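Observations on the model geometry
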Amino acid sequence: MSDAVVVEELVKTFGKTKALDGVSFSLPEGTVLGLLGPNGAGKTTTVRVLATLLAPDSGRASVLGLDAVKQAEQVRRVIGLAGQYAAVDEKLTGMENLRLVGRLYHLPKAEVLSRADALLERFELTQAANRVVKTYSGGMRRRLDLAASLVNRPKVLFLDEPTTGLDPRSRLALWEVIEDLVRDGTTLLLTTQYLEEADRLADRIAVVDGGRVIAEGTSDELKDKVGGSVLVARPSSPDDADTVASVLAALKTGEVKRLATGELAVPATGIALVAKAARALTTAGLEVSELGLRRPTLDDVFLTLTGHLAESSDVEDETP
Amino acid sequence: MTALDTVPGGGLRYAVQDTLVLAGRALRHTTRQPELLVFSTVQPVLFVLLFRYVFGGAINTGPISYVNYLMAGIFVQTTAFASTSTGVGLAEDLSKGIVDRLRSLPISRSAVLAGRTLGDLVRMVGVVLIMAVVGVAVGLRPSSTLGLLGAIALTALFGFAFSWISAWIGLMVKDVETANVAGFVWLFPLTFASSAFVPLQSMPGWLQAFAKATPVTPTCDAVRAMLNDGLPLQRPLLISLSWILGVLVVFSYLSVRSYRKVA
Ligand SMILES: Nc1ncnc2c1ncn2[C@@H]1O[C@H](COP(=O)(O)OP(=O)(O)OP(=O)(O)O)[C@@H](O)[C@H]1O
Ligand SMILES: [Mg+2]
């Protein structure tokens, strides 16, 4: 399997902001890579370089062996892009939007029409096909934008936070469409802030922070990196956190970690530890609302690696 | 215009085709916003009525009637004002991410700008036609049909050149509201301080000097001479066409350059 996307040491500076500080990764043909990172990590900037919208200060990016800067025209023929914000023409109807894109790809006339129909159907927009996009909901716009990125049957697809702002049902439906595309052989680079999304869709995950890839691997590999199973306890009252922590420390399995979620965690040796912890807490007269063993989640990975919680991109704030 | 960049394997044919497709899109926008067409004609119609009936009697326009004088100025000012929507539209495409979508497609880079200005040219012809009908209704009597057609053609060409200035402004400010204001403010003094509505002789010397130095005065004079046989045509027409050509060359260059930078 050869690499469909290769990114080497990309650097991009906007004024004083170093948006990319040496991003490198590669993506074998037919696989899915999830770029995971907090706000301002450089995900969108990376995608824009690959989609030929932005020239990097240094480093290289290539798609199917074509250089994203020097062979931009050829790259544009083989890629599809759905940016972070739906880029659809509000004054045209959904149908007109897709036909416009089809014509600009120089598809034969009959194919322009059939492709637009098929995509509207696939994204459940047939009913709204002849309404101007101004009247669409946010989720409908997103779906239309995604449809527009597929008009050309791209071999390599870039999706920048494709499900941000969608309700759970639409998100699930979109995941299914994306899984279909991948089954048909599309190579996909996906950025997301939803760890669950990366876990479900991506073969490999690259965690990006401060313009660099700080960890890369399968979801399991990343979880192993953080450590084995942990025993997690959530004090019923936050005031008890210190006393609960000292009870857990007395189990002598390792250091007690306080998670940003309010939970306390210690490395777990086996299921017997849960019973032992329960006894110790009861003896000390402490209430916990949750107690159990847990594989580290991608949340734990994210927290451990980046030192902060994944935030929804709806929240417009700076990287801590 | 600047050289059309060609698409490998597609060539000039695709560049032309892409431009036409995008011109069609710009025109469709116009039909989807009839209020835009109404606003770009209501204001000049008001001006026609105001100047024709309120100021008309007080203005000495020599051998021709004031309506026949005024309409040339109205044509030119109307297209100048109408050209501002080119920049507003581009700023909107930029802020809504449409430009990004278009730039990710394998189309020639100049098609996005050329398509929009071409679509706007067609719209401008429509607006001038409406104003010609309004003019005739209030007493405009062009000397010949050919002259009227020539006047419409020159006005539309003038508006086309100005839509490239507007395109450049839109690409520079990148924001719809700002593009709207920045596109308009300079057009007021430019079009009023000219021979559009009153003969230059009635203005103070310094203002006459300014009015003569802008593209608006020669264009108004040339359009007026086409509507009215007997007025000198050749000199203002040559100056006007030189202006139009100059503006097209300079501002298509500047626009394409800033379009490339707005990544
Ligand atoms: N055009 C620009 N001009 C100036 N700064 C920019 C520009 N684009 C991005 N940046 C900065 O570069 C950094 C990386 O931005 P980028 O959009 O790539 O982050 P991201 O990972 O996509 O974040 P988010 O999750 O919020 O979408 C940020 O600090 C951002 O402010
Ligand atoms: Mg982003």
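See the structure shown above.
Just so we're clear, the structure is a prediction, and the values are computed from it rather than from any experiment.

Some words on the sheet that holds strand β8 (residues 187-192) of chain A
Consider a sheet: its strands pair through backbone hydrogen bonds, and that pairing is either parallel or antiparallel. All names here are of chain A. Taken together, six strands build an open sheet; the order of strands is β6-β7-β8-β3-β9-β10 and the sheet is mixed. Every other strand in the sheet has two partners, leaving β6 (79-82) and β10 (212-217) as the edge strands with one partner each. For this sheet, the mean inter-axis angle between neighbouring strands, taken without regard to orientation, is 15°. Bridge analysis of strand β3 (residues 32-36) against strand β9 (residues 204-209) gives four bridges, and the strand direction is parallel. Bridged to L33 within β9 is R204. Packed onto the sheet, helix α5 (residues 138-149) meets β6 and β7 (156-160) and runs at close to 170° relative to β6.

Things to note about the packing of helix α7 (residues 145-173) of chain B against helix α8 (residues 176-184) of chain B
Each pair of packed helices can be summarised by the angle the axes make with each other and by the distance between the axes. Residues and elements named next belong to chain B. Relative to each other, α7 and α8 sit at 140°, their axes nearing to 9 Å. On the basis of the axis angle, α7 is oblique to α8. Once α7 is placed against α8, the crossing between them reads as right-handed. Contact residues: I169, G170 and V173 in α7; T178, A179, A182 and G183 in α8. The residue inventory of the contact of α7 with α8, partitioned by class, reads four nonpolar, three polar and no charged.

Focus: the nonpolar core
Residues and elements named next belong to chain A. Counting 116 residues, the largest nonpolar core has L98 and F123 as the members making the most contacts within it. Those residues in contact with F123, other than ones at most four positions away along the chain, are R143, L146, A147, L150, L174 and V177. In this structure, V5, L10, A41 and V208 belong to the second largest nonpolar core, which totals 30 residues.

Thoughts on the side chain of S258 of chain B
All names here are of chain B. Within the secondary structure, S258 sits in helix α12 (residues 234-261). By relative accessible area, which is 8% here, S258 ends up buried. In contact with S258, other than residues within four places in its own chain, are W168, L171 and M172.

Brief notes about empty space enclosed by the protein
Inspection of the entire model under this criterion finds two cavities of 30 Å³ or more. Its boundaries defined by the atoms lining it, the largest cavity holds a volume of some 100 Å³. Lining of the largest cavity is provided by 13 residues; of these, A87, N97, L100 and V101 of chain A together with R101 of chain B occupy positions nearest its centre. Of all the elements in the fold, those that place two or more residues in the lining of the largest cavity are α3 (94-104) of chain A together with α5 (98-103) of chain B. With five residues, α3 of chain A is the single largest residue contributor to the lining of the largest cavity. Here the residues of the lining of the largest cavity sort into nine nonpolar, one polar and three charged. The calculated volume of the second largest cavity comes to roughly 50 Å³. Elements represented by at least two residues in the lining of the second largest cavity include exactly α1 (11-32), α4 (84-95) and α6 (109-137) of chain B.

Notes on the pairing of strand β2 (residues 17-28) of chain A
All names here are of chain A. With nine bridges connecting them, strand β1 (residues 3-14) and β2 associate as antiparallel partners. By the bridge assignment for β2, D3 is matched with P28. The hairpin formed by β1 and β2 contains two residues between the paired strands, and G15 there has a positive phi angle of roughly 55°.

A few points about the interface of chain B and chain A
Facing the 25 residues of chain B at the interface are 29 residues of chain A. For the pair chain B and chain A, the summed buried surface comes to about 2,600 Å²; carbon and sulfur atoms form 57% of the total. Summed over the three residues of chain B that lose the most area to chain A, namely R32, R101 and P106 of chain B, the buried surface amounts to 25% of that side. Our count for the chain B to chain A interface comes out at seven salt bridges. Put simply, R28 of chain B and E96 of chain A hold a salt bridge, and the shortest N to O gap is 3.1 Å. Linking chain B with chain A are 13 residue pairs in polar contact (both at pLDDT 80 or more), by the criterion used here.

What to know about the environment of V132 of chain A
Relative to the helices and strands, V132 of chain A is located in the loop between α4 (109-122) and α5. Residues V132 of chain A and G94 of chain A, 38 residues apart in the sequence, show an inter-C-alpha distance of 6.5 Å. The contacts of V132 of chain A, once residues within four sequence positions are left out, are E90, K91, L92 and T93 of chain A together with R32 of chain B.

Definitions and cut-offs
Residues numbered from 1 in each chain as written. Chains lettered and ligands numbered in written order. Predicted model: local features only at pLDDT ≥ 70, side-chain atom pairs only at ≥ 80, totals over all residues. Heavy atoms only, no water. Pairing = 2+ DSSP bridges. Helix = DSSP H or I, 4+ residues; strand = E, 2+ residues; numbered from the N terminus. Axes fitted to C-alpha atoms, helices over the stretch in contact; angles between N-to-C directions. Contact = heavy atoms within 4.5 Å. Parallel < 35°, antiparallel > 145°, perpendicular 65-115°, else oblique. Left-handed = near helix turned anticlockwise from the far one by under 90°. Nonpolar A, V, L, I, M, F, W, Y, C, P; charged D, E, K, R; others polar. Core = buried A, V, L, I, M, F, W, Y, C linked by side-chain atoms within 4.5 Å. Buried < 20%, exposed > 50% of the residue type's maximum accessible area, 1.4 Å probe, protein only. 1 Å grid on protein atoms, 1.4 Å probe; cavity = no way out; pocket = protein on both sides within 12 Å on 5 of 7 lines; lining within 4 Å. Points joined across faces, edges and corners; volume = space filled by probe spheres on them. Buried area = accessible area lost by both parts, 1.4 Å probe. Salt bridge = Lys/Arg side-chain N within 4 Å of Asp/Glu carboxyl O. Polar contact = N/O pair within 3.5 Å; in protein donor to acceptor, adjacent residues only side chain to side chain.

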